[in-house]
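Take a look at the letters that make up each chain.
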Amino acid sequence: MNGTAQISYAFVVFISAIFTQNILLSYFLGLCPFIGVSREVKTSFGLGIAVIFVMTTTCMLNWLVYHYVLMPLGLEFFRFILFIIIIAAFVQLVEMVIERYSPFMYQRLGVFLPLITVNCAILGASLFMVIRDYSFLVTVGFGLGSGIGWFLAIIAMAGIRQKLANERIPRGLQGPGITLIIAGLMALAFIGFTGVLQGS
Amino acid sequence: MVFTVLISVGVVSLIGAGLAALMVVSEHFFADYGPCRITVNDEREFTIEGGRDLLSVLSGEKLFIPSACGGRGACGLCKLKVFEGAGPLLPTEEPYLDKDERESNVRLACQVKVRNNLKIEIPQELLAIREYTCTCADIKDLTHDIKQFRFELVEPESIDYVPGQYIQLLTPVYEKSSEEVHRAYSISSDSEEKDAVELIIRLVPGGICTTWCFEYLKVSDQIKMNGPYGDFRLSDSDAPIVFIAGGSGMAPIKCILHYMKNTGNKRKATYYFGANVVKELFLIDLMRDFESELTDFQFVPVVAEPEQDENWDGETGLVTEAVQRDLKNASECEAYLCGSPGMIDAAIKILHELGMNDDSIFYDKFA
């Protein structure tokens, strides 16, 4: 593929990762913080931003490690453990930098930053980019798109749950129960984006 | 095959080591806050390396702030005022601070990270809290499951406390417990005796600290305790006093009685002390001495179910029943209670019925 085709493909992957193949609503990855931290728009926003940032950067890093270290040595099967190590170390690093230079951001993100280490959507994105054999540029688009997709989904969910706070929900369905049902309905709604992009 | 194993181990170790090195280097750059100066109550100043939480920094300086959770932000006890340098209130602190506290700069010490110079205020009574190293000087059996322990202070050499306060005894790691725990016990000795404290401890079956005290602690062993804590103390009023205690609840009352004797306090006082059988009563002679030494003090031991051969001619039944029989109108009195939660709840109920309001009831509840 030449340069222009690469860029347009990366863009297609970027858009499809946000909408048609939303990592949360079509693959149901990263569901735990999605249900746990979606009570308020404010905190969901902070977590969403952190996920976008970490997902994009770790996808890039993992791509480099996979293609320049693991592939030449024939150690592809090691990607699970290495990806996790890299994600964990990177999240720590990001936390340190943010704490030092932006106490405000640090305060907004709070405990959510370290929580991202164990967010399976982050590992999922890195593994998808390997399975689908993306190039580096496409991986950047995919990582960023997946992050934004996750961000949009949790913001939407938090908005809905804030409205739900004043509604009368049957006791057995309160909390995670109704949240899962809403997530299902949201996933159905996102299916509506299918076909927007040809070839994704 | 062997080659692959070696290569893979090598690669993972190398990448792991590389990341660890990166973390260490960046920690050095990013988490270096330099020396920070902490000013306590405008009196004391010290400089420490920034980057740690305030609670651990303070305990490193021998300033003990009460904390039950060990700095995880789960108990909300380590409150103090931070006037400068703490940054905005964290979401982890919000649940523990009410509106007034937020406006007066109260923060949780375990959540505030020292990043720059701080100006803080620690309540005076907390400044008196120290860690004491002591030697166990004497262990005396009071009943079959209550012992009196005497600890002589080694470092620092003397302790100042208000009669009625308690200390926290540090239980070291021993056979039956894999972690250090602190347990609170009221001081029972005379507060004029500043170089030793006595505790009255009842054996709790399976209890970490009491088992250690009863089965492992020996005379001349060294132990650590910190304190004093608590606001259970004698008020300044002239109202007649009703003491109600049971078992090891004797401790703070005994301490207060010593204090009343020392200060020549002339308040009328009656002490109802409950036990199940006669052989569970203890320190009776000392109480009879107080009766003759204090101006207007009466000791009323109450035995719930005296056994046939014990020849008991005193009050019987529950201690609360004896109070109810004796005290017709309690509205003028003040009550000081110490004992099991069940006894305290029962006593408070009776006292309410006798016309006492909550402002006049003081208690220490040890679960």
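Please read all numbers here as calculations on a predicted model, not as lab measurements.

Moving on, we get to the overall build of chain A. Along chain A, the regular secondary structure elements total 9 helices and 0 strands. Walking chain A from its N terminus toward its C terminus, one meets helices and strands in the order α-α-α-α-α-α-α-α-α. Counting all 200 residues of chain A, 37% fall into the buried class. Taking as baseline every contact in chain A between residues at least 6 positions apart, the subset at least 24 positions apart corresponds to 82%.

Residues and elements named next belong to chain B. Residue alternation in strand β5 (residues 118-121) divides its side chains into a buried set, L118 and I120, and an unburied set, K119 and E121. Examined bridge by bridge, strand β3 (residues 79-84) and β5 share 3 bridges and lie antiparallel to one another. Pairing of V82 across the sheet is with I120, part of β5.

All right, on to the interface of chain A and chain B then. Where interface size is quoted, it is often the accessible area lost as the parts come together. Taken together, the contact pairs 17 residues of chain A with 16 residues of chain B. Mapped onto the side of chain A that touches chain B, the elements with two or more residues apiece are α3 (41-73), α4 (79-101) and α5 (103-109) of chain A. Broken down by element, the residue count for the side of chain A that touches chain B peaks at 10 residues, all from α4(A). Of the residues belonging to the side of chain A that touches chain B, the class tally is 13 nonpolar, 3 polar and 1 charged.

Residues and elements named next belong to chain B. One open sheet accounts for 6 strands, arranged β9-β8-β11-β6-β7-β10; its pairing is antiparallel. Both outer strands of the open sheet, β9 (181-186) and β10 (196-202), are each paired with one neighbouring strand and no more. Strand-to-strand twist across the sheet, computed as the mean angle between neighbouring axes with direction ignored, equals 40°. Of the strand pairs in this sheet, strand β8 (residues 166-171) and strand β11 (residues 222-229) are connected by 4 bridges, and their pairing is antiparallel.

Further remarks concern unusual backbone geometry. Residues and elements named next belong to chain B. At the junction of E155 and P156, the peptide bond is cis and its omega measures out at -15° in the coordinates. Mapped onto the fold, P156 is located in the loop between β7 (146-155) and β8. Cis geometry marks the peptide bond from G227 to P228; its omega dihedral reads -5°. Locating P228 in the fold gives a position in strand β11. Residue D42 is not a glycine yet carries a positive backbone phi of 60°. Here D42 lies in the loop between β1 (35-40) and β2 (44-49).

This next bit is on the sheet that holds β5(B). Residues and elements named next belong to chain B. What the 5 strands build is an open sheet, ordered β2-β1-β5-β3-β4; its pairing is mixed. Pairing within the sheet leaves two strands with one partner each, and these edge strands are β2 and β4 (106-108). Pairs of neighbouring strands in the sheet enclose a mean axial angle of 40°, with direction left out of account. Relative to β2, β1 runs antiparallel, the two sharing 6 bridges. What sits directly across from T39, in β2, is E45.

Rules and cut-offs
- Residues numbered from 1 in each chain as written.
- Chains lettered and ligands numbered in written order.
- Predicted model: local features only at pLDDT ≥ 70, side-chain atom pairs only at ≥ 80, totals over all residues.
- Helix = DSSP H or I, 4+ residues; strand = E, 2+ residues; numbered from the N terminus.
- Buried ≥ 20, exposed ≤ 12 C-beta atoms within 10 Å, placed from the backbone.
- Contact = placed C-beta atoms within 7 Å.
- Pairing = 2+ DSSP bridges.
- Nonpolar A, V, L, I, M, F, W, Y, C, P; charged D, E, K, R; others polar.
- Axes fitted to C-alpha atoms, helices over the stretch in contact; angles between N-to-C directions.

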